[in-house]
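Summary of the model geometry
These are the residues of each chain, in order.
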Amino acid sequence: MTSTTPPAPSIDGAALLDEVEQHHRRFNVFPSEHAYVAVTLWDAHAHLISAFDSTPRIAFLSPEPGSGKSRALEIVETLVPNRLVAAHATANAMYRAVGDADNLPTVLFDEVDTIFGPKAGDNESLRGFINAGHRRGVGVLRCVGDGSNQEATEFQTFCAVAMAGLGSLPDTILTRSVIIRMRKRAPNEDIQSYRQRVHEKQGHALRDRLAKWANQVRDQVENAWPELPEGICDRPADVWEPLLAVADAAGGHWPERARAACLELVAAAKEGDKASVGVQLLTDLRDKVFCGADRMPTAAILECLHAIEDAPWGDMDGNGKELTARVLSKMLGEYVTAANKPIRPRSIRTAGGVPKGYYAEDLADAWLRYCPPAPEKSATSATSATPQVSRGENVADPLPDIRYITDRPATPALGVRRA
């Protein structure tokens, strides 16, 4: 008789991811449950990177040292395939290290603020490597050879990248990353001390099981088109699609947890970045300033914006500097009207003069494209949020042709009145 080798037992993906998550929980205190989900899925996705067209970066960031960033990266290192710790690496070295498409490394950058921070110096090549490598097939041209005997050679950059550092990252990398904002442990938050000679072996055992499970589900993941949560599109969709595909392949509670984490972490990543500040300005103008008016003088707009609580307009630099007409014009000028022209202040003719201001029709296209759906009823109207103008600015007199929707009588100094 011919003996046959019995097939290897199937690995329960959901149970395995549970174990990986628990491994992180032993040594890491992440800021939320969603962070544990995202990091666990990222670990697993690194074993399946050949199945994806794009790979999200993962970044452990904090404002202060001693927040567990390096430890988080160290635990990730034990769980991912072909780890490559890029300490003081040059861009040229990284291009050559990633050249083998059949044996892609998982690159780990600690103290990434030394690459992108204010004292980073000239690291444009390394920044370009991290930027370009999130999508398969994107190469970087470099001259190779000696002296005048050189030729242009294309290097592939596609690989999984994990980072840890102080502060933030360039916008081009933030938008390609899952962001885990670390913080110092509170006195009541206990973790197990990490001992490399003991716990590294345990991480490697999980790593090897992740590799076997990845081979088990690779065909399924390669053909997967995971359903994205409502509102997740464009760059966030590129970031999260591989992680959701991993969660769906694992099954159990992971698909639901993954989508909840996606929504939460995408929303958190937008807070404070330049793009979201612009969107916040547009949204505040629509919902808390214009509120149905067809035009408003710049001075009145600024009074409204400065009075909005929990908004940056009254303290733009942390030292009490308010948003000015010049900065307002610059920020709105980044967006365009329906006629594809930059939004600019225009004259508003009144009985008392011709002050500069903005028209709702110029803002309408940007409101439609960038702002979230408008609430059914504005929580704060311009009139209820705005004190009387008392700085001597030239604001518009009341105009009969300006429509203003509010729950309270309009403030006469704003130059608007109820329809």
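What you see is a predicted model; the values in this text were computed from it and never measured. The residue numbers shown here count from 1 along each chain, following its written sequence. In keeping with the predicted nature of the model, local features appear solely for residues at pLDDT of at least 70, side-chain atom pairs appear and are counted solely at 80 or more, and the whole-chain, interface and lining totals rest on all residues. Calculation of side-chain values draws on the structure's entire complement of heavy atoms; hydrogens and water are dropped beforehand.

Brief notes about the pairing of strand β6 (residues 160-166)
Regular strands have side chains that alternate between both faces of the sheet. Worth spelling out the cut-off: Accessibility here uses a 1.4 Å probe with only protein chains present; expressed as a share of the type maximum, an area under 20% marks a residue as buried, one over 50% as exposed, and anything in between as partly exposed. Only DSSP runs of H or I covering at least 4 residues are called helices, and only runs of E covering at least 2 are called strands; the numbering of each starts at the N terminus. What makes two strands pair is DSSP finding at least two bridges between them.
Along β6, six of the seven residues are buried, which leaves the element largely enclosed by surrounding structure. For strand β1 (residues 57-62) and β6, the ladder comprises five bridges, and the chain directions are parallel. Across the sheet, Ser62 pairs through a bridge with Leu166, a residue of β6.

Topic: the sheet that holds strand β10 (residues 356-359)
To keep it simple, the criterion reads: Here, two residues are considered to be in contact whenever any of their heavy atoms come within 4.5 Å of each other. Where helices are involved, their axes are fitted lines through C-alpha atoms of the stretch in contact, as for all axes, and angles between N-to-C directions lie from 0 to 180°.
Spatially, β8-β10-β9 is the arrangement adopted by the three strands of the open sheet, whose pairing is antiparallel. Every other strand in the sheet has two partners, leaving β8 (295-297) and β9 (346-347) as the edge strands with one partner each. Across the sheet, helix α12 (residues 298-307) is in contact with β8 and β10; its angle to β8 comes to roughly 85°.

Some details on the packing of helix α9 (residues 234-250) against helix α10 (residues 254-270)
To be explicit about the condition: Note that the term roughly parallel is reserved for angles under 35 degrees, roughly antiparallel for angles over 145, roughly perpendicular for angles of 65 to 115, and oblique for everything else. By convention the crossing between two helices is left-handed if the near helix lies anticlockwise of the far one by an angle smaller than a right angle, and right-handed if it lies clockwise. The nonpolar class holds Ala, Val, Leu, Ile, Met, Phe, Trp, Tyr, Cys and Pro. Asp, Glu, Lys and Arg form the charged class, and all remaining residues, Gly among them, are polar.
Contact pair α9 / α10: the axes reach a minimum separation of 8 Å and the direction vectors enclose 160°. Put simply, α9 runs roughly antiparallel to α10. The chirality of how α9 crosses α10 is right-handed. On α10, the residues that touch Pro236, Trp240, Leu244, Ala247, Asp248 and Ala250 of α9 are Trp254, Pro255, Ala258, Arg259, Ala261, Cys262, Leu265 and Val266. Looking at the contact of α9 with α10 residue by residue, the class counts come to 12 nonpolar, no polar and two charged.

Topic: helix α2 (residues 33-46)
The cut-off we apply is this: Given a helix with a known number of residues, its expected span is that number minus one, times 1.5 Å.
For α2, spanning 14 residues, the distance from its first C-alpha to its last is 21 Å, which sits close to the expected 20 Å at 1.5 Å a residue. The set of residues buried in α2 consists of Ala35, Tyr36, Val37, Ala38, Val39, Thr40, Leu41, Trp42, Asp43, Ala44, His45 and Ala46.

Quick notes on the sheet that holds strand β2 (residues 83-85)
Spatial ordering of the open sheet is given by β2-β3-β6-β1-β7, a layout of five strands whose pairing is parallel. Looking at which strands have only one partner, the edges of the open sheet turn out to be β2 and β7 (177-181). Here the average twist between neighbouring strands, direction ignored, is 15°. Judged from the four bridges that link them, strand β3 (residues 106-109) and β6 form a sheet pairing that is parallel. Across the sheet, the residue bridging to Val107 is Val161, located in β6. Relative to β6, α2 is tilted by about 140°, and along the sheet it contacts β1, β3, β6 and β7.

Details of the packing of aromatic side chains
Put simply, the rule is: Two aromatic rings, drawn from Phe, Tyr or Trp (for Trp, its six-membered ring), form a pair once their centres lie within 6.5 Å of each other, and the interplanar angle then sorts them: stacked below 30 degrees, edge-to-face above 60, tilted otherwise.
Counted by the stated rule, this structure contains five aromatic pairs. Note on Phe290 and Trp367: the rings are 5.7 Å apart at their centroids and 70° apart in plane angle, and the pair reads as edge-to-face. Linking Phe290 in helix α11 (residues 274-290) with Trp367 in helix α14 (residues 360-370), this pair joins segments that are 77 residues apart in sequence. Considered together, Phe290 and Trp367 belong to a single accessibility category, that of buried residues. Taking the centre distance of 5.0 Å and the plane angle of 75° together, the rings of Tyr335 and Tyr370 count as edge-to-face. Residue Tyr335 is located in the loop between α13 (325-332) and β9, and its partner Tyr370 is located in helix α14; the two are separated by 35 residues in the primary sequence. Judged by its relative accessible area of 43%, Tyr370 falls in the partly exposed class. Counting every residue linked through ring pairs, the aromatic cluster contains Phe30, Tyr36 and Phe60.

Describing the confidence of the model for the chain
Low pLDDT means the predicted atomic positions in that stretch should not be read closely. Applied cut-off: Each residue carries a pLDDT score, the predictor's own confidence in it, on a scale running from 0 to 100.
Residues at a pLDDT of 70 or more form 83% of the chain, whose mean pLDDT is 83. For residues 378-419, every residue scores under 50 in pLDDT, and the model assigns this stretch 106 contacts once sequence neighbours within four places are set aside.

Observations concerning the environment of Gly13
By the element assignment, Gly13 lies in helix α1 (residues 13-27). Residues Gly13 and Gly252, 239 residues apart in the sequence, show an inter-C-alpha distance of 8.5 Å. Look past the residues within four positions of Gly13 in its chain and what remains in contact with it is Trp213 and Ala250.

So, the nonpolar core
We count it as follows: Put simply, buried Ala, Val, Leu, Ile, Met, Phe, Trp, Tyr and Cys residues joined by side-chain atoms within 4.5 Å make one nonpolar core.
Membership of the largest hydrophobic core comes to 85 residues, with the highest contact counts inside it found for Phe60, Phe109, Ile180 and Trp240. Among the elements that line this core, the one with the most residues is α9, at 10 residues. When near neighbours in sequence (up to four residues on either side) are disregarded, Ile180 contacts Phe30, Pro31, Ala35, Val39, Ile58, Ala59, Phe60, Leu61 and Leu265. Grouped together as the second largest cluster of nonpolar side chains are 27 residues, Val289, Ala293, Leu305 and Ile343 included.

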